[in-house]
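Structural features, examined
Residue-level listing of the chains:
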Amino acid sequence: MTADKPKELSLTFALRQQNVKRLSELVQAVSDPGSPRYGKYLTLEDVAELVRPSPLTLHTVQKWLLAAGARNCHSVTTQDFLTCWLSVRQAELLLSGAEFHHYVGGPAETHAVRSLHPYRLPKALAPHVDFVGGLHRFPPTSTLRQHPEPQVPGTVGLHLGVTPSVIRKRYNLTAQDVGSGTTNNSQACAQFLEQYFHDSDLAEFMRLFGGDFAHQASVARVVGQQGRGRAGIEASLDVEYLMSAGANISTWVYSSPGRHESQEPFLQWLLLLSNESALPYVHTVSYGDDEDSLSSTYIQRVNTELMKAAARGLTLLFASGDSGAGCWSVSGRHQFRPSFPASSPYVTTVGGTSFQNPFRVTDEVVDYISGGGFSNVFPRPSYQEEAVTRYLSSSPHLPPSSYFNASGRAYPDVAALSDGYWVVSNHVPIPWVSGTSASTPVFGGLLSLINEHRILRGLPPLGFLNPRLYQKHGAGLFDVTRGCHESCLNEEVEGQGFCSGPGWDPVTGWGTPNFPALLKTLMNP
């Protein structure tokens, strides 16, 4: 990685919000089928009215930034983020301790302007700002894997990898299970790698694999920059499988929405959500960071942003990660390593499975990479109290209690196939691509089809799914009961994390979609 000194940069100030507790109560009310407010979602304007920073906060921060020489400042509808341009010298005076450099590194020659040193806010400002974004975190890297091709025994009745028709067969979709083309329904995927998808790859993918169902062969809207570079496998995968599972539904792509190398794309995506009143109902996101690598102010504030989306009736699906339970060493002792936003209580987290026989459409077992576990930051939400308690008291293979925080938010919530996908990228069909960034758009696409039925029947979209999902005890899902995921390679756990079992588990959640049954479960008002 090389570093030199940039001249100016763009910083995002997350301003202290009001009424966050009230916001969480409203999320509960609009997402719980037992509540009289169920499905009566807030508009962006309602959310703004609730969380907008106090006049004192707005005044103090603006005054301080003007005095520091900030220019070209932009806010969002909710007024709780302010993005400004500063010279590097001004930024370093303003944020004592920070030192900004221009970094280039990684396989994609990623450019980023960051400070490796922590910063301190002036005393007068600290109570008014949660964090300053665009300082530390480098752009994420992909965890997708391409497996060597398994050896095929005789070929009668076999498939050679996961394609849309294999997914549609396994999850019991018929040719009629596609969007009607008559509603305002839409879905989106967001990815923050320095990667792009190419329309021509999507068209070729649909030509090869979309022959037996109605579909759209191009994206309705790209938000952010679509570079001219080579297509990335992850970007291609997200779009191709969201649009073949959620077939014939209008699709948006959020593509590395940070417009400048000093911006963090994930944070920019959150800003876009807070600045647009009409958004797709379902968002699938293949992005995560180790919980322990994030400051508590950042993680709590991002969680509030996810809460704002839930209050508005958006369904946010996050990949559970590709490292099983994860592993890290804390003062010489091993522990599992949870991932965020997978561990947020306000998103639906998607784990991964494999076919029991990789060449047949069979029952599913755990894909050993499927991310899952217990948050060290967020306590267990009430909606999953019963399910998690049951798992902890009945699982025959629990890891030692020192490895995980049994009282934390447990994830994933659901799962889908994550192993052995075909993807078209840079005009080439590529086999055996694996990761929960495959299962997440598949699950999201199926929820978009259910939203389509709900909209046609005059019902509100599904919104934040978890309270309903856990109340129904996973009805409409295939329970995955075989297999364990990976973790620390030491004598104590020998590489094994949690194991799946009947009902909910922290490897595959409630299980994988049985579309007709799930549609029936989620169609009752």
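One numbering rule holds for all chains: residues counted from 1, following each sequence as written. The predicted origin of the model limits local features to residues at a pLDDT of at least 70 and limits the giving and counting of side-chain atom pairs to 80 or more, whereas totals for whole chains, interfaces and linings rest on all residues. Hydrogens and water molecules were not included; the side-chain quantities draw on all heavy atoms of the structure.

The name given to the protein chain in an unreviewed UniProt entry is Tripeptidyl-peptidase 1, with Bos taurus as the source organism. UniProt positions are given in the numbering used here, feature names are shortened, and annotations may be inferred rather than shown by experiment. On record in UniProt, under Catalytic activity (unreviewed entry), the comment for the protein chain is "Release of an N-terminal tripeptide from a polypeptide, but also has endopeptidase activity."

When two helices pack together, their arrangement is given by the angle between the helix axes and the distance between those axes. Each axis is a line fitted through C-alpha atoms, and for a helix only the stretch in contact is used; angles between axes span 0 to 180 degrees, taken between their N-to-C directions. Secondary structure elements follow DSSP: runs of H or I of four or more residues count as helices, runs of E of two or more count as strands, with numbering from the N terminus. In contact at an axis separation of 10 Å, helix H6 (residues 199-209) and helix H7 (residues 233-245) are set at 45° when each is read in the N-to-C sense. Regarding the angle of H6 to H7, the classification is oblique. The way H6 lies across H7 gives a crossing that is right-handed. Between H6 and H7, the residues in contact are Asp201, Leu202, Phe205 and Met206 and Ser236, Val239, Glu240, Tyr241, Met243 and Ser244, respectively. Tallied by class, the residues present in the contact of H6 with H7 amount to six nonpolar, two polar and two charged. Roughly parallel here means an angle under 35 degrees, roughly antiparallel means over 145, roughly perpendicular means 65 to 115, and every remaining angle is called oblique. In this scheme the crossing of two helices becomes right-handed for a clockwise turn of the near helix relative to the far one and left-handed for an anticlockwise turn of less than a right angle. Working rule for contacts: check all heavy atoms of both residues, and any pair within 4.5 Å makes them a contact. Polar here means any residue outside two lists: the nonpolar Ala, Val, Leu, Ile, Met, Phe, Trp, Tyr, Cys and Pro, and the charged Asp, Glu, Lys and Arg; Gly therefore counts as polar.

Another point: the environment of Gln79. For Gln79, the location among the structural elements is in the loop between strand E3 (71-75) and strand E4 (81-87). When accessible area is computed with a 1.4 Å probe and restricted to protein chains, residues below 20% of their type maximum are described as buried, those above 50% as exposed, and intermediate ones as partly exposed. For Gln79, a relative accessible area of 29% corresponds to the partly exposed category. The spacing of Gln79 and Gln17 is 62 residues in sequence and 9.0 Å in space, taken between C-alpha atoms. Those residues in contact with Gln79 that lie beyond four places of it in its chain are Leu15, Arg52, Pro53 and Leu58.

At least two bridges found by DSSP between two strands is the condition for calling them paired. Taken in spatial order, the four strands line up as E3-E4-E2-E7 in an open sheet, and their pairing is antiparallel. Edge positions in the open sheet fall to E3 and strand E7 (129-133), since each of these has one partner strand only. Recorded for the sheet is a direction-independent mean angle of 20° between the axes of neighbouring strands. By the bridge criterion, seven bridges tie strand E2 (residues 8-15) to E4 in an arrangement that is antiparallel. The partner of Phe13 across the bridge, within E4, is Leu82. Taken strand by strand, helix H3 (residues 55-67) contacts E2, E4 and E7, and its axis lies near 165° from that of E2. Contacts from helix H9 (residues 296-311) reach E2, E4 and E7, with the element oriented near 95° to E7.

Another point: the side chain of Gln17. Topologically, Gln17 is positioned in the loop between E2 and helix H1 (20-31). Two N or O atoms count as a polar contact when they lie within 3.5 Å, although within protein this holds only if one can serve as hydrogen donor and the other as acceptor, and sequence-adjacent residues are included solely when both atoms are side-chain atoms. At a separation of 3.4 Å, a polar atom in the side chain of Gln17 contacts the side chain of Arg301. Polar contacts involving the side chain of Gln17 include one to the side chain of Glu305, which spans 3.0 Å. Look past the residues within four positions of Gln17 in its chain and what remains in contact with it is Val51, Asp80, Asp130, Arg301, Thr304, Glu305 and Lys308.

Cysteine sulfur atoms are paired as a disulfide whenever they fall within 2.5 Å. Under the definition given, this model contains three disulfides. Put simply, Cys73 and Cys84 are joined by a disulfide, and their sulfur atoms are 2.1 Å apart. Between Cys73 and Cys84, the S-S dihedral sits near 115°, and the bridge is therefore right-handed. One end of the pair, Cys73, is in strand E3; the other, Cys84, is in strand E4, and eleven residues separate them in sequence. Linked covalently through their sulfurs, Cys327 and Cys488 form a disulfide whose S-S length is 2.1 Å.

Time to look at unusual backbone geometry. Residue Pro341 is bonded to the preceding Phe340 through a cis peptide linkage, with omega at 10°. Structurally, Pro341 is set in the loop between strand E17 (339-340) and strand E18 (348-355). Here Tyr411 and Pro412 are connected by a cis peptide whose omega angle stands at 5°. The residue Pro412 is located in the loop between strand E21 (408-411) and strand E22 (414-417) in this model. Positive phi, close to 70°, is recorded for His427, a residue that is not glycine. Residue classification places His427 among the exposed residues on the basis of a relative accessible area of 55%. Here the phi dihedral of His473 falls at roughly 50°; this positive angle occurs in a residue that is not glycine.

Before going further, it helps to spend a moment on helix H13 (residues 515-523). Along H13, the residues that are buried comprise Phe515, Leu518, Leu519, Thr521, Leu522 and Met523. Residues of H13 that are buried sit in contact with helix H11 (436-456), helix H12 (466-471), strand E25 (477-478) and strand E28 (512-513).

Glancing now at the UniProt feature "binding site: Ca(2+)" (unreviewed entry) in the protein chain. The sites that UniProt annotates as "binding site: Ca(2+)" (unreviewed entry) are Asp479, Val480, Gly503 and Asp505. In terms of the greatest pairwise C-alpha distance, the residues named above, spread along 27 residues, form a tight cluster of at most 9.6 Å across. As for its placement among the helices and strands, Val480 is situated in the loop between E25 and strand E26 (484-486). The contact partners of Val480, leaving out residues within four places of it in the chain, are Thr353, Glu364, Val365, Val366, Ser500, Gly501, Asp505, Thr508, Gly511 and Thr512. For Gly503, the position within the fold is in the loop between strand E27 (496-499) and E28.

Attention shifts here to H9. An ideal rise of 1.5 Å per residue puts 22 Å on 16 residues; H9 measures up with 22 Å between its terminal C-alpha atoms. Taking burial as the measure, the 16 residues of H9 include 13 buried ones, the bulk of the element. Taken from the residues just after H9, Gly313 is the one with a positive phi, measuring 80°. How far a helix is expected to stretch is found by multiplying one less than its residue total by 1.5 Å.

This paragraph deals with the packing of aromatic side chains. Planes of paired rings set the category: under 30 degrees apart is stacked, over 60 is edge-to-face and the rest tilted, where pairs are Phe, Tyr or Trp rings (Trp by its six-membered ring) whose centres lie within 6.5 Å. With the rule as written, the count across this model stands at 27 aromatic pairs. Ring geometry for Phe13 against Trp64: centres 6.2 Å apart, planes inclined by 90°, an arrangement best described as edge-to-face. Of the two residues, Phe13 sits in strand E2 while Trp64 sits in helix H3, which places them 51 residues apart along the sequence. Side by side, Phe13 and Trp64 carry an identical accessibility label, which is buried. Through a chain of ring-to-ring contacts, the aromatic side chains of Phe192, Trp252, Tyr254, Phe266, Trp269, Tyr287 and Phe318 assemble into a single cluster. Geometrically, a charge over a ring is one whose NZ (Lys) or CZ (Arg) sits within 6 Å of the ring centre while staying within 35 degrees of the ring normal. The ring of Phe478 carries the charged tip of Arg170 above its face, separated from the ring centre by 4.1 Å. Over the face of the ring belonging to Trp252 we find Arg221, whose NZ or CZ atom lies 4.3 Å from the ring centre.

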